[in-house]
Amino acid sequence: MTLPRPNTLVARGLIILLMILTLLPFLSMLSAALAPQGTYPNGLQWPADPQWGNFVRAFEVAKMDQLLLSSFLIVLGVVPISVLLATMAGYGLAKLTTNKYKWLYLIFVFGLTLPFEAVITPLYYEVRAMGLLNTRFAIILPLIGLYMPFGVYWMRAHFLNVPHDLTEAAQLDGASRWKEFWHVQVPLARPAIMSLTILLFLWTWNQFLLPVVLVQDPMQRTMAGALGAFQGQWGTDIPLLCAGALLILTPTILIFLMFQRQFVAALMQGAVKG
Amino acid sequence: MTSAPAAQRQEQRLPQTRGSRKSRKAAWFFVAPAFAFYAAFVLVPLAMSFYYSFLRWDGIGQARFHGITNYVTVLTDPKLLQIIGNAFQLVGYFTVIPVVLGLAVASVIRGHMAGPFGTATRTILFLPQVIPLVAAGIAWSWMFANTGVVNQGLRAIGLSDWARGWLGDFVWALPAVGIIGAWVLLGLCTILLVTGITKIDPSLYEAARLDGARPWHEFIYITLPGLRQEIAVCVTLTVISALASFDIVYIATQGGPGITTMVPGLEIYRLAFAHRQVGLASALAIVLMILVLISIAPIQWFAREKK
């Protein structure tokens, strides 16, 4: 529809400039990561003798295999339960309650803008009292709670758009509420559930504040938390630090590239609704 | 269950009967687990934050009631006020740069980013949203380092005098941190705005052009009102991430040099766990939460109006 205008060229130019700006920090890390170990690399330049071995060393030093496992376990502990609970509550609030219970929904929504820092201090004492400090559960359990506002908000918005007729048909068949929820509503909600899963996966994988405060051992942390510890320990060895940071980024970027379309869609919807 | 299908159909049609005891029970069954987690790990800690904020407590020994002293300190202590001010200065970078640049790109391109070019654009511009903020902090610490790319670029165009260790500079550290945040949020805002502008009816622009409107007028009278929603979304997201920033500052500067880049989020952490002033940290936490709410409310109101 749009005719090629001189603007198109300007626009492309602008966008290419933005893309270069976006990629520059990654390229600069790569060039530093390939510099000889222990040296102080200089800006962006392809090293004369690229030291790919830095990546191997960073893999060993950072214990990447263990980190991956730890992050994976945390994601596994957080995401499926969060999605299930949020879906149930979203359904309950959208389909089973009247306006009289709007306050319940509003209490959930109140948490949407809450900075995690506002509750981190008491969370520390609470988790310590539960005897979970320095375990992965110190990250898993609070995160489930902290994700409820967004998750419930997200799923309720979906269920509000499901026509009532479907609910009726299922009930005429004599299905119990749970069966109706599980066999009719959940399959229909697949796209919304998928997006929520992607968002929660990303937020969990990248979560930094909770691991820093609640878990000392980097091996029990999320990827982002471990990266923080790695920086604390190797911050002066720029080539190793950059190699380690790039390695830690790789899994997320690979998954992102594989599911690029879904990620972009989820992030956009997440932004608009959140 | 099957005995009264008609009654149940009624129940669906008439919302007021949805509040019947049976469906209320079912509702609780579905909502309660989520609520339990939310209450245990958000509402209860929030209440405790509020309670702590009236105490003088080192986190170990006996706590003493301290009245509103902590709040008075937060709102009068010059250092804490500077820290809160830093967060609002960051809003200038986190919010203004991505929204202005995003609007510029959107209004120039004003069309679908279809095809491989569009996909490549979206993929690349979204990368900063996918990686942990910690990684952005590390990458940019290196960009801003003495021998980093920023200085390399400045020297290349003959501005060697400007080269410096940006994150260690008393004047430039905060803007540098702001640039990191802008970099993270730029792609998301751009894509949101570019997508938003495609939803504006193109005939509006054609009509304007027939009336001899200048591009600037098109922008003011068509693009801006049409993007009201998207702009509100971008502003909301970026303001929250500026006011509640933690990761980037923790990695890039630790709040230094001095307290020139210290933000409330990091100060809460420092006060509570390094300085053992749990009461003061909690008061700052409550103030931060209220500041976020106050800053977001007008944006939401602005977006809803005329809709």
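Owing to the predicted nature of the structure, the values given are computational and were not obtained by experimental measurement. (Residues numbered from 1 in each chain as written. Chains lettered and ligands numbered in written order. Predicted model: local features only at pLDDT ≥ 70, side-chain atom pairs only at ≥ 80, totals over all residues.)

### Brief notes about the overall build of chain A
The criterion, for reference: Helix and strand assignments follow DSSP, with helices taken as H or I runs no shorter than four residues and strands as E runs no shorter than two, numbered in order from the N terminus. Partly exposed residues are those whose C-beta has more than 12 but fewer than 20 other C-beta atoms within 10 Å; 20 or more makes a residue buried and 12 or fewer makes it exposed, with C-beta atoms placed from the backbone. It is the C-beta atoms, placed from the backbone, that decide contacts: two residues are in contact if theirs lie within 7 Å.
The helix and strand inventory of chain A stands at 13 helices and zero strands. Starting at the N terminus and ending at the C terminus, chain A contains elements arranged as α-α-α-α-α-α-α-α-α-α-α-α-α. In terms of principal-axis extent, the alpha carbons of chain A reach across some 75 × 65 × 30 Å. Residues counted as buried form 49% of the 274 residues belonging to chain A. Taking the intrachain contacts of chain A between residues at least 6 apart in sequence as the baseline, contacts between residues at least 24 apart amount to 73%.

### Re the overall build of chain B
To keep it simple, the criterion reads: Within these notes, the globule rule equals 2.2 Å times the number of residues to the 0.38 power, and the radius of gyration is based on C-alpha atoms.
Check the secondary structure of chain B and you find 14 helices and two strands. Taking 2.2 N^0.38 as the reference for a compact globule, 307 residues should give roughly 19 Å; the C-alpha atoms of chain B span a radius of gyration of 25 Å, well beyond that estimate. Once the C-alpha set of chain B is aligned to its principal axes, its extents read approximately 85 × 75 × 35 Å. Long-range pairs, those at least 24 residues apart, make up 71% of the contacts in chain B between residues at least 6 apart in sequence.

### So, the packing of helix α2 (residues 53–61) of chain A against helix α12 (residues 238–258) of chain A
Residues and elements named next belong to chain A. Under the convention used in this document: Geometry is summarised by axes, namely lines fitted to C-alpha atoms with helices restricted to the contacting stretch, and by angles between N-to-C directions that run from 0 to 180 degrees. What sets the label is the angle itself: under 35 degrees gives roughly parallel, over 145 gives roughly antiparallel, 65 to 115 gives roughly perpendicular, and the rest give oblique. In this classification, Asp, Glu, Lys and Arg are treated as charged, Ala, Val, Leu, Ile, Met, Phe, Trp, Tyr, Cys and Pro as nonpolar, and every other residue, Gly included, as polar.
Contact pair α2 / α12: the axes reach a minimum separation of 8 Å and the direction vectors enclose 75°. Taken together, α2 and α12 sit at an angle that is classed as roughly perpendicular. Contacts from N54, F55, R57, A58, F59 and V61 in α2 reach P239, L240, A243, G244 and L247 in α12. Taken together, the residues of the contact of α2 with α12 sort by class into eight nonpolar, two polar and one charged.

### Let's talk about the interface of chain A and chain B
Taken together, the contacts link 87 residues of chain A with 85 residues of chain B. A total of 15 residues in the side of chain A that touches chain B trace back to one element, the largest contributor, which is helix α1 (residues 6–33) of chain A. Its residues assigned to classes, the side of chain A that touches chain B comprises 59 nonpolar, 23 polar and five charged.

### Quick look at the environment of V233 of chain B
Mapped onto the elements, V233 of chain B comes out in helix α11 (residues 228–243). Sequence separation between V233 of chain B and G102 of chain B is 131 residues, and the spatial gap between their C-alpha atoms is 13 Å. Sequence-distant contacts of V233 of chain B, defined by excluding residues within four places in its chain, comprise A271 and V272 of chain A together with L192 of chain B.

### As for helix α8 (residues 177–188) of chain A
Residue and element names in this part refer to chain A. Just so we agree on the cut-off: An expected span of 1.5 Å times one less than the residue number is assigned to each helix. What the arc describes is the spread of directions from the helix axis to the C-beta atoms.
Over its 12 residues, α8 extends 15 Å from the first C-alpha to the last, a length consistent with the 16 Å expected when each residue adds 1.5 Å. Inspection of α8 places R177, E180, F181 and Q185 among the buried residues, and these make up the whole buried set. Down the axis of α8, the buried set is contained in an arc of 95°. They therefore lie on one face. Exposed and facing more than 90 degrees away from the buried side of α8 are K179, H183 and P187.

### Section: unusual backbone geometry
Note: most residues except glycine have negative phi, and most peptide bonds are trans. In this chain, G256 of chain B is followed by P257 of chain B through a cis amide linkage whose omega measures -5°. With respect to the element layout, P257 of chain B can be found in the loop between α12 (247–252) and α13 (264–274). The backbone phi angle of K63 of chain A is positive, close to 50°, even though this residue is not glycine. Positionally, K63 of chain A belongs in the loop between α2 and α3 (64–96).

### What about the nonpolar core?
The cut-off we apply is this: By definition, a nonpolar core groups buried Ala, Val, Leu, Ile, Met, Phe, Trp, Tyr and Cys residues that are joined through C-beta atoms within 7 Å.
Within the largest apolar cluster, 183 residues are counted, with the highest numbers of intra-cluster contacts made by A245 of chain A together with A34 and L284 of chain B. If one sorts the elements of this core by residue count, helix α8 (residues 173–197) of chain B sits on top with 17 residues. Residue contacts for L284 of chain B: discarding those within four places in its chain leaves V74, L80, P264, E267, I268 and L271 of chain B.

### What to know about the confidence of the model for chain B
Residue and element names in this part refer to chain B. Operational definition: Confidence per residue, as judged by the predictor, is encoded in pLDDT with a range of 0 to 100.
In this model, chain B carries a mean pLDDT of 86, and residues with pLDDT of at least 70 account for 90%. Here helix α1 (residues 5–13) stands out as the element of chain B with the lowest mean pLDDT, 41, in contrast to α13, whose mean of 93 is the highest. Low pLDDT, under 50, characterises residues 1–19; the stretch is placed with 24 contacts to residues that sit more than four places away or in other chains.

### Description of the packing of α3 of chain A against helix α6 (residues 137–160) of chain A
All names here are of chain A. Formally: Handedness of a helix crossing follows the sense of rotation of the near helix relative to the far helix, less than a right angle counterclockwise being left-handed and clockwise being right-handed.
Contact geometry of α3 with α6 gives a least axis separation of 7 Å together with a crossing angle of 40°. Once α3 is placed against α6, the crossing between them reads as right-handed. For the contact of α3 with α6, a count of residues per class yields 21 nonpolar, six polar and two charged.

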